[in-house]
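Each chain, letter by letter, is given below.
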Amino acid sequence: MTQESKIPLWKQDGAKPFIQIKNITKKFGEFTAVDNVSLDIFENELFCLLGGSGSGKSTLLRMLAGFETPTSGQIIIDGVDMANIDPWDRPINMMFQSYALFPHMSVFKNIAFGLKRDKVAKKEITQRVNEMLKMMQIEEFADRKPAQLSGGQRQRVALARALIKRPKLLLLDEPLGALDKKLREETQFELVNIQDKLGVTFVVVTHDQEEAMTLATRIGVMGNGVITQVDEPRDVYEYPRSRFVAEFVGSINIFEGRVFEDQADFVKIDSKEAGSKLFVNHSINCAPNQKVAVAIRPEKIRVSRKKPDTEYNCLYGKIIDIAYMGNLSIFRVKLESGKIVRVTLPNLVRENQNPLTWDDMIYLSWDNDSSVVLIS
Amino acid sequence: MSKTTGTLWLGQFDTIRTKFDLLRKVRWGRLSVISIPSLWLAIFFFIPFLVVFKISLAEPAIAVPPYTDLFIWDADNAIAEIKLKFGNYLYLWEDSFYLDAYLSSVKIAAISTFFTLLIGFPMAYYIAGKKSSTRTILLTLVILPFWTSFLLRVYAWMGFLKKNGIVNEFLQAIGLIDQPIQMLQTDFAVYIGIVYTYLPFMILPLYTTLEKLDGSLIEAAKDLGATPVKAFFLVTLPMCMPGIFSGCLLVFIPAVGEFVIPALLGASDTLMIGRVLWDEFFQNRDWPMASAVATVMLVILVVPIMFLRTGKNEEKQ
């Protein structure tokens, strides 16, 4: 591997995208499910479309698979326009949310189904299916029917069936949605390993931001038929570009305020809600005195009983709720303005001699580079 | 020795206790639910069948009812006599007329069932694909003919199919034929009658399975490279087998025993077991013979179906 290839494709200038979604719109009657979406996905990516129900993410996925026809726009995969290509002729396979395993066929036959349609020689089918069974560690279930499998086993069969044709692109609709929490975490990493090993481009649809964070090379956050932000997981979390993204991915505290000083490398905001002047060390494009929102993640807030020595980003309030989660504790702090701030603190020691408790008055503060200003 | 008997006694005590526990474990709720249909079957199916079977072993007689008793009690000599005549069954086997009638009934029923399936499947498929408000209307239309008497509907077909009936008139009017075609009193008319009458019995079970069919299965098949036609034959059709099976049974069984349709629409030589039964009962007044025919018909129909059913259940497990 050369040094150059370690830079992800989406950061290279002039890199050729593998999937080009150009101004795709899908309307169901009066309802616009997907609204003028454009998106480039690169080879070997594990791209996550993250959104709530009704955000249009599944419709977009189904258009890639060919089950829905776009009302307008163009989908190009590996240089080929998909407009007149039927689902059964596309170099794409899909893993369905319900897995959609054929209940009347054994696991082996389910996996072999795609190869048989391609009229692959019988010997090769047997060999390839056996390899796949081995890779997915489901060899002993080859003769079972889907009804005789557990949820996790079914998920593996579905993945095996979708991968057997070595598609250029694999679409996964909520791939881990039907699994319990523990199994989901294990499978997440496994899925990433498989993707890495086979070098197939994955497009995953999910509503679970944690799932998107662990899986994705990049996340596209969708809401109301529009992709609002496309970025690497860390950037989506740390630098949300809109209120929608900030609130959808993880939890966040948002304070309304007005800009009173706007410089090239910082902004100062006066927030009645926060009861403090707020300082953010990045510039924004805004009019003087514009109304903006400052967002700060709960884990980036410091807590102290003494007033910290700072003019900015210093809030004062009363603890009204504590939730002990084991690895961390969540505090809900009520400010004088009535605004409730969520703070999480790691539980660094087992027994705290002077623990924070209900009705304690505390100061909240954070660094200048911890918060972001949201205009939209 | 005493030790052994002691153990034995304890063992017996254990079994008694287990029996007592078993008695307490009987699920009365479950039993009462099952007992109603069981009682129904016993009273209206099994006992009448035994009566028919009993009559089939008697001899015809000029009496009321027109057959001899199986059980004769000679009070003077204190002799109880049971007389079973298996001659009817022997005769059924020897006279090819009955065998022909059976085979012909099965043939007519099988062909009709096939055509019912052929017509019913697309209809059920179409209905299941519609949105739910449209489905209700279409299903009502399917069931609507039942609101008219069955006999009336068969008579209506006579009006359609007769020499100067609507079909012939129409074909002549458009110049397709010069002479009216003989349609009534043919096997063709019998097929039409049976297919028409039993179509709803095919459509309803098919509709139920098709409606439950998970659409993503078809999409998965297409996604894996199956054309819509392939997807239909490899996924939709196999998934519909339970519906096809029950639909075919619901049509085939009554069609084998059908009497009215062949009598009204069929030719005089259209041989069906239902007609033979009718003739034995009401023309010849040979009740034992008629009962033997009925018994054999039941055995021929029910036994293979029972085997099919258990076979299917085992496969499922």
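Visitor: Can you walk me through the overall build of chain B in this structure?
Guide: For chain B, the helix and strand inventory stands at 14 helices and two strands. Contacts in chain B between residues at least 24 apart in sequence constitute 68% of all its contacts with a sequence separation of at least 6.

Visitor: How should I be thinking about a positive patch on the surface in this particular structure?
Guide: On the surface, a cluster of positive charge is made up of A:Lys109, A:Lys116, A:Lys122 and A:Lys145. For A:Lys145, the position within the fold is in the loop between helix 3 (122-135) and helix 4 (151-163).

Visitor: Please explain the pattern of salt bridges as it appears in this structure.
Guide: In a structure, side chains of opposite charge can pair up when their charged atoms sit close to one another. Taken as a whole and judged by the stated rule, the model has 20 salt bridges over all chains. Residue A:Lys11 is joined to A:Glu232 by a salt bridge in which the shortest nitrogen-to-oxygen separation is 3.0 Å. On the criterion of sequence distance, the pair formed by A:Lys11 in the segment before strand 1 (19-28) and A:Glu232 in the loop between strand 10 (226-231) and helix 7 (233-238) is long-range, its members being 221 residues apart. For B:Glu59, the salt bridge goes to B:Lys83, with nearest N and O atoms at 3.6 Å. Of this pair, B:Glu59 sits in the loop between helix 2 (28-56) and strand 1 (71-74) while B:Lys83 sits in the loop between strand 2 (79-82) and helix 3 (87-94); the two residues are 24 residues apart in sequence, bridging distant segments of the chain. Overall, the relative accessible area of 44% leaves B:Lys83 in the partly exposed class. One network of salt bridges, with partners in common, ties together A:Arg62, A:Glu68 and B:Glu219.

Visitor: What is the right way to read the sheet that holds strand 1 of chain A from this model?
Guide: The strands that make up a sheet are held in pairs by hydrogen bonds between backbone atoms, and each pair lies either parallel or antiparallel. Residue and element names in this part refer to chain A. Read across the sheet, four strands follow the order 2-1-4-5 without closing on themselves; strand pairing throughout is antiparallel. If you trace the sheet from one side to the other, it starts and ends with strand 2 (31-41) and strand 5 (80-81), each paired once. Of the pairings in the sheet, the one linking strand 4 (residues 72-77) to strand 5 comprises two bridges and is antiparallel in character. Counted as the bridge partner of Ile76 is Asp81 from strand 5.

Visitor: Can you walk me through the packing of helix 4 (residues 96-129) of chain B against helix 13 (residues 273-283) of chain B in this structure?
Guide: Helix packing geometry: the angle between the two helix axes and the distance between the axes. All names here are of chain B. Direction vectors running N to C along helix 4 and helix 13 enclose 140°, while the axes themselves pass 8 Å from each other. Taken together, the axes of helix 4 and helix 13 lie oblique to each other. Here Phe97, Tyr98, Ala101, Tyr102 and Ser105 of helix 4 lie close against helix 13, whose contacting residues are Ile273, Val276 and Glu280. Of the residues contributing to the contact of helix 4 with helix 13, the split by class is six nonpolar, one polar and one charged.

Visitor: Hey, could you run me through the layout of surface pockets in this one?
Guide: If a probe the size of a water molecule is rolled over the atoms, the empty space left behind becomes visible. Residue and element names in this part refer to chain A. Taken as a whole, the second largest pocket spans an internal volume of roughly 580 Å³. Lining the second largest pocket are 19 residues; nearest its centre among them are Ser329, Phe331, Asn347, Asn352 and Leu356. Elements that contribute at least two residues to the lining of the second largest pocket include exactly strand 15 (302-304), strand 16 (314-324), strand 17 (328-335) and strand 18 (340-346). Tallied by class, residues from the lining of the second largest pocket come to 10 nonpolar, six polar and three charged.

Visitor: Even after reading the chapter, I still don't get empty space enclosed by the protein, so can you show me in this structure?
Guide: Residues and elements named next belong to chain A. Applying the stated criterion across every chain yields a total of three cavities of 30 Å³ or more. Put simply, the largest cavity is a space of about 50 Å³. Lining the largest cavity are Met136, Gln155, Arg156, Leu159, Thr187, Glu190, Leu191 and Ile194. The set of elements that each furnish at least two residues to the lining of the largest cavity consists of helix 4 and helix 5 (181-198).

Visitor: Please clarify how the sheet that holds strand 9 (residues 218-223) of chain A should be interpreted in this entry.
Guide: Residue and element names in this part refer to chain A. The strand order across the open sheet formed by six strands is 6-7-8-3-9-10, and the pairing between neighbours is mixed. In this open sheet, the two strands that pair with only one neighbour each are strand 6 (92-95) and strand 10. The sheet shows a mean angle of 20° between the axes of neighbouring strands, taken without regard to direction. Relative to strand 9, strand 3 (residues 46-51) is paired through five bridges, and the arrangement is parallel. For Gly51, the partnering residue across the bridge sits in strand 9 and is Met222.

Visitor: Just to check I follow, could you spell out the nonpolar core for this structure?
Guide: Soluble globular proteins tend to bury their nonpolar side chains together. If you look at the biggest cluster of nonpolar residues, it comprises 49 residues, and the most contacted ones within it are B:Ile194, B:Leu206, B:Leu265, B:Ile273 and B:Val293. The element that contributes the greatest number of residues to this core is helix 8 (residues 187-212) of chain B, accounting for 11 residues. Residue contacts for B:Ile273: discarding those within four places in its chain leaves B:Tyr98, B:Ala101, B:Tyr102, B:Ser105, B:Val256, B:Gly257, B:Val293 and B:Met297. Counting 45 residues, the second-largest nonpolar core is a separate cluster that includes A:Met132, A:Ile138, A:Leu149 and A:Val245.

Visitor: What am I meant to see in helix 11 (residues 241-256) of chain B here?
Guide: Side chains of residues three or four places apart in an α-helix project in the same direction, reflecting 3.6 residues per turn. Compared with an ideal rise of 1.5 Å per residue, which puts 16 residues at 22 Å, helix 11 of chain B spans 22 Å between its outermost C-alpha atoms and is within 8% of the ideal. When we look at burial in helix 11 of chain B, the residues that qualify are B:Gly243, B:Ile244, B:Phe245, B:Gly247, B:Leu249, B:Val251, B:Phe252, B:Ala255 and B:Val256.

Visitor: Sorry if this is basic, but what is going on with the domain arrangement of chain B here?
Guide: Interface extent is often summarised as the accessible area lost during association of the parts. All names here are of chain B. Under the domain assignment, chain B is made up of domain 1 (3-56) and domain 2 (87-316). With six residues of domain 1 at the interface, the matching set in domain 2 holds nine residues. With both chains or domains summed, domain 1 and domain 2 bury close to 620 Å², and 76% of this area falls on carbon and sulfur atoms. In terms of surface lost to domain 2, no three residues of domain 1 exceed Phe49, Ile55 and Ser56, which account for 67% of the buried area on that side. Our enumeration of links across domain 1 and domain 2 arrives at zero salt bridges. One can count two residue pairs in polar contact (both at pLDDT 80 or more) joining domain 1 with domain 2. Residue classes in the side of domain 1 that touches domain 2 are distributed as five nonpolar, one polar and no charged.

Visitor: Even after reading the chapter, I still don't get the interface of chain A and chain B, so can you show me in this structure?
Guide: On the chain B side, the residues contacting the 20 residues of chain A number 18 residues. Between chain A and chain B, roughly 1,700 Å² of surface is buried when both sides are summed, and carbon and sulfur atoms account for 66% of that area. Our count for the contact surface shared by chain A and chain B stands at one salt bridge. Here A:Arg62 ties to B:Glu219 by a salt bridge, and the two come within 2.7 Å at their closest N and O atoms. Seen at the junction of chain A and chain B, the total is six residue pairs in polar contact (both at pLDDT 80 or more). Broken down by secondary-structure element, the contributors of at least two residues to the side of chain A that touches chain B are strand 6 and helix 2 (107-117) of chain A. Among the residues forming the side of chain A that touches chain B, the class breakdown is 12 nonpolar, four polar and four charged.

Visitor: Before we go on, may I ask you to explain the confidence of the model for chain B in this structure?
Guide: Should the pLDDT be low somewhere, the predicted coordinates at that spot are not to be read in detail. All names here are of chain B. Per-residue confidence for chain B averages 86 on the pLDDT scale, and 89% of its residues sit at or above 70. Low pLDDT, under 50, characterises residues 1-8; the predicted model gives this stretch zero contacts beyond four residues in sequence or across chains. Both scores are available for the predicted complex, with the pTM at 0.79 and the ipTM at 0.85.

Visitor: Help me understand the state of the cysteines, please; the structure alone is not making it clear to me.
Guide: As enumerated under the stated definition, the model contains zero disulfides over all chains in all. No disulfide involves B:Cys248; its nearest neighbouring cysteine sulfur is the one of B:Cys240, lying 12 Å away.

Conventions and cut-offs
- Residues numbered from 1 in each chain as written.
- Chains lettered and ligands numbered in written order.
- Predicted model: local features only at pLDDT ≥ 70, side-chain atom pairs only at ≥ 80, totals over all residues.
- Heavy atoms only, no water.
- Helix = DSSP H or I, 4+ residues; strand = E, 2+ residues; numbered from the N terminus.
- Contact = heavy atoms within 4.5 Å.
- Patch = residues over 30% accessible without salt bridge, like charges linked within 9 Å, V, L, I, M, F, W, Y side chains within 5 Å.
- Areas by Shrake-Rupley, 256 points an atom, 1.4 Å probe, with all protein chains shown as cover.
- Salt bridge = Lys/Arg side-chain N within 4 Å of Asp/Glu carboxyl O.
- Lys, Arg positive; Asp, Glu negative; His and termini not counted.
- Charge placed at Lys NZ, Arg CZ, Asp CG, Glu CD.
- Buried < 20%, exposed > 50% of the residue type's maximum accessible area, 1.4 Å probe, protein only.
- Pairing = 2+ DSSP bridges.
- Axes fitted to C-alpha atoms, helices over the stretch in contact; angles between N-to-C directions.
- Parallel < 35°, antiparallel > 145°, perpendicular 65-115°, else oblique.
- Nonpolar A, V, L, I, M, F, W, Y, C, P; charged D, E, K, R; others polar.
- 1 Å grid on protein atoms, 1.4 Å probe; cavity = no way out; pocket = protein on both sides within 12 Å on 5 of 7 lines; lining within 4 Å.
- Points joined across faces, edges and corners; volume = space filled by probe spheres on them.
- Core = buried A, V, L, I, M, F, W, Y, C linked by side-chain atoms within 4.5 Å.
- Expected span 1.5 Å × (residues − 1).
- Domains from an automatic or database assignment.
- Buried area = accessible area lost by both parts, 1.4 Å probe.
- Polar contact = N/O pair within 3.5 Å; in protein donor to acceptor, adjacent residues only side chain to side chain.
- pLDDT = per-residue confidence, 0-100.
- Disulfide = S-S within 2.5 Å.

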